[in-house]
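Fold and contact review
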Amino acid sequence: MDSSALRSKILDLAIAAGDGSVTADELAATGYSLRDVGYTSLSYMRLIDSIENEVGVYLDPEAAIEHYETIDSVTALVVAGGAVADA
Amino acid sequence: MTTVEERTIRLDSARAGTGPATWGQRAIWGVVTRLGDDAPRYNLRLDLPLTPPRPASRVLADLTELLRMHDSLRTRLLPHGEDGLEQVVDGTGELPARVRTCAAAEAPAVGEALMEELAGRPFDHAREWPFRVGLVECEGLVHRLVLAASHTAMDLWGEGRMLRDLELIEAGESAESLLAARPALQPLQAAAVQSSPLGRRRDEAARQHWCERLTAGPRRIFLDPAAPELAATDPGRLFPNALLRSPALAVAVERVAAELGVSDAAVLLGAASHQLARMSGSSDVLFQVVVSNRFQPAASESVSTMAQEAVFLLRDADKDFEDAVRRTRSVSFTAFRHAGYDKWALDREVARLVERGEAADHSCWWNDTRDPGIGPFDTVERPRSALGELTGRTELSWPTEFLPRANVSVAVDVLTAPGALELCMTADPAVLTRDGMERFLRGVEGLIVAEAVAREDA
């Protein structure tokens, strides 16, 4: 998956993990900042689970919540974690 | 006069299968097996008045549908070798239902006695389903449904889901329609994920995180315990239980959470950490935090046992309340990511750390039991009084005392009540007096209310 397709996939997963509380338009309006749209701790946990289950990349478990605050920073974490992705 | 009878729930052609036990099943099975005859104190108890009363045939049919819906209610657990535990989901079988017939006025007392009969003895997890049923019948109709379940079948979150599903089935839904609308994770599915390469990696990372935090945390939290000699001179001492019921806290915690951009759960845990650090003399504090592990929608619908403990270590917690709350958000996020693991393996690693004197004091517990879907002002009007006035309505009571609990110095539960939040605290009198317990609870409330008032005035 190239980085643009990966970012798009993560955006979809982030909206789904928001459980109806976040839309693509709202995210675009905040520069794709999850924090600025009031993303909850539960949504963050769901997003990480979804990425691990659906993208097959195990994210750095020690990365603090601040690393998950924008779609771009999450994409960067996934790219960095790609080296240890499950086959 | 009360008469005694037994009827049978018959199930066939339900989902069946065999696989390794889940992390949650292993954790609880290990605890209740070690407790032996004392295991019933972990059993879950539900004595439900039926309004209006219903025919027994209808109640038994509803329970059959509930059994069909949730595999955990018909799962047996069998030891397998030195370190193995197998779950066997039966698709066919019979469950006895004990029926007591009495006059309607006697139904509550008969229900209470029936509950003790069902829940007051251990479950034989290898041979019986972890679920027992009793009916109290008066004039041909069931007035009370009495259910007892082993903790291996469900945790408190699972119990809430089971009750909701039973109500929906009583209202006419079927297991099939409910599962189609809201898929619920079944324990065999959870076990398959946990034994996959991803699951094994999560387990290893969680146990590594636990051991690192335990090694880094304070060796003692209460530097000046109340009566340390009691540990030796009075091993059977009772642990007091205090309950603080606070309308002000329910209002203030929402306001502080919104102002600081964190969850209300982080505000409460951050305040408790700050207060514990100020009272104990240890700047760094460590809580074992009970985590529901129900982040995905299918997991949140699951009737099973998934909750496990996370290790939460907050450094310099005594310095500043706001700073403690803000850092709680990040620290608890990392801790919660490491709350799913093989408990037996972790226990062995922690025992080695304790033996070498390298483990932090991990005897403080925090359990925020609140369901995110249920708020304190769902059924009662939000108070209009100023927070300063609301604090006058806080009530502190001492409902009970408990037998000594291993590795517990302080345990705090957060609960939702109509119009209030409740903090329920149990403490070892060797560590904390009743005055100390009250100071802790009122301190947590005071910190959050003062912060809310200050931000309102700003």
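Residues numbered from 1 in each chain as written. Chains lettered and ligands numbered in written order. Predicted model: local features only at pLDDT ≥ 70, side-chain atom pairs only at ≥ 80, totals over all residues.

Before going further, it helps to examine the overall build of chain A. The helix and strand tally for chain A stands at four helices and zero strands. Overall, chain A shows an N-to-C arrangement of helices and strands of α-α-α-α. A globule of 87 residues ought to have a C-alpha radius of gyration of about 12 Å, and chain A, at 12 Å, matches this closely. Summarising its shape, the C-alpha atoms of chain A cover approximately 35 × 25 × 20 Å along the three principal directions. Expressed as a percentage of its 87 residues, the buried residues of chain A come to 30%. (Helix = DSSP H or I, 4+ residues; strand = E, 2+ residues; numbered from the N terminus. Rg over C-alpha atoms; globule rule 2.2 N^0.38 Å. Buried ≥ 20, exposed ≤ 12 C-beta atoms within 10 Å, placed from the backbone.)

Here, the residues flagged by UniProt with the feature "domain: Condensation" (unreviewed entry) are residues 25-343 of chain B. In residues 25-343 of chain B, the share of helix is 45% and the share of strand is 22%. The end C-alpha atoms are 10 Å apart. (UniProt positions renumbered as here; feature names shortened; annotations may be inferred.)

All right, on to the sheet that holds strand β11 (residues 308-314) of chain B then. Remark on secondary structure: sheet strands pair via backbone hydrogen bonds, oriented parallel or antiparallel. All names here are of chain B. A sheet is described by the order of its strands in space; here seven strands give the open sequence β11-β10-β12-β14-β15-β9-β13, paired in mixed fashion. Edge positions in the open sheet fall to β11 and β13 (395-402), since each of these has one partner strand only. For this sheet the average axis-to-axis angle between neighbouring strands, irrespective of direction, equals 25°. Its contacts with the sheet put helix α10 (residues 264-280) on β10 (285-291), β11, β12 (364-368) and β14 (410-417), and the angle it makes with β12 is roughly 160°. (Pairing = 2+ DSSP bridges. Axes fitted to C-alpha atoms, helices over the stretch in contact; angles between N-to-C directions. Contact = placed C-beta atoms within 7 Å.)

For the rest of this paragraph, the subject is the sheet that holds strand β5 (residues 84-89) of chain B. Residues and elements named next belong to chain B. In space, the three strands of this open sheet follow the order β2-β5-β4, with antiparallel pairing throughout. Here the strands that pair on one side only, and so sit at the sheet edges, are β2 (17-20) and β4 (75-80). Within the sheet, the average angular offset between the axes of one strand and its neighbour, ignoring direction, is 25°. Here β4 pairs with β5 via six bridges, running antiparallel. For L78, the partnering residue across the bridge sits in β5 and is E86. Of the strands in this sheet, β4 and β5 touch helix α1 (residues 23-35), which is tilted by about 110° from β5. Set on the sheet, helix α6 (residues 187-194) makes contact with β2, β4 and β5; between it and β2 the angle comes to about 35°.

On to the pairing of β10(B). Residue and element names in this part refer to chain B. Counting buried residues along β10, seven of its seven residues qualify, which places the element largely inside the surrounding structure. Because side chains alternate across β10, one face comprises the buried residues V285, F287, V289 and V291, and the other comprises L286, Q288 and V290, equally buried. As judged from the seven bridges shared by β10 and β11, these two strands associate in the antiparallel manner. Its bridge partner being in β11, V291 is matched across the sheet by Q308. Alignment of β10 against β12, held across two bridges, turns out to be parallel.

With 14 residues, helix α2 (residues 56-69) of chain B ought to run about 20 Å at 1.5 Å a step, and its terminal C-alpha atoms sit 20 Å apart, in line with that. Among all positions of α2(B), only V59(B), L60(B), D62(B), L63(B), E65(B), L66(B), L67(B), R68(B) and M69(B) are buried. (Expected span 1.5 Å × (residues − 1).)

Let us look at the domain arrangement of chain B. Residues and elements named next belong to chain B. Under the domain assignment, chain B is made up of domain 1 (3-194) and domain 2 (218-457). The gap between the C-alpha centroids of domain 1 and domain 2 is 30 Å. Between domain 1 and domain 2, the residue contacts involve 26 residues of the former and 19 residues of the latter. Elements represented by at least two residues in the side of domain 1 that touches domain 2 include exactly α1 and α4 (156-170). Taken together, the residues that form the side of domain 1 that touches domain 2 break down as twelve nonpolar, nine polar and five charged. (Domains from an automatic or database assignment. Nonpolar A, V, L, I, M, F, W, Y, C, P; charged D, E, K, R; others polar.)

This part is about the confidence of the model for chain B. Averaged over every residue, the pLDDT of chain B is 95; the share at 70 or more is 100%. For this predicted complex, the interface confidence reaches an ipTM of 0.81, while the overall pTM sits at 0.91. (pLDDT = per-residue confidence, 0-100.)

Residues and elements named next belong to chain B. In the contact formed by α2 and α4, the axes pass within 10 Å of each other and the chain directions differ by 130°. For the element pair α2 / α4, the angle class is oblique. Of the two elements, α2 crosses α4, and the hand of that crossing is right-handed. Counted together, D62, E65, L66 and M69 of α2 and D165, L166, I169 and E170 of α4 form the full contact between these two elements. Residue composition of the contact of α2 with α4, grouped by class: four nonpolar, no polar and four charged. (Parallel < 35°, antiparallel > 145°, perpendicular 65-115°, else oblique. Left-handed = near helix turned anticlockwise from the far one by under 90°.)

Let us look at the interface of chain A and chain B. Facing 16 residues of chain A, the contacting portion of chain B comprises 16 residues. Across the side of chain A that touches chain B, the residue classes tally to eight nonpolar, two polar and six charged.

Let's shift gears to the pairing of β5(B). Note that β2(B) and β5(B) share four bridges and pair antiparallel. Of the residues in β5(B), the one forming a bridge with G19(B) is Q87(B).

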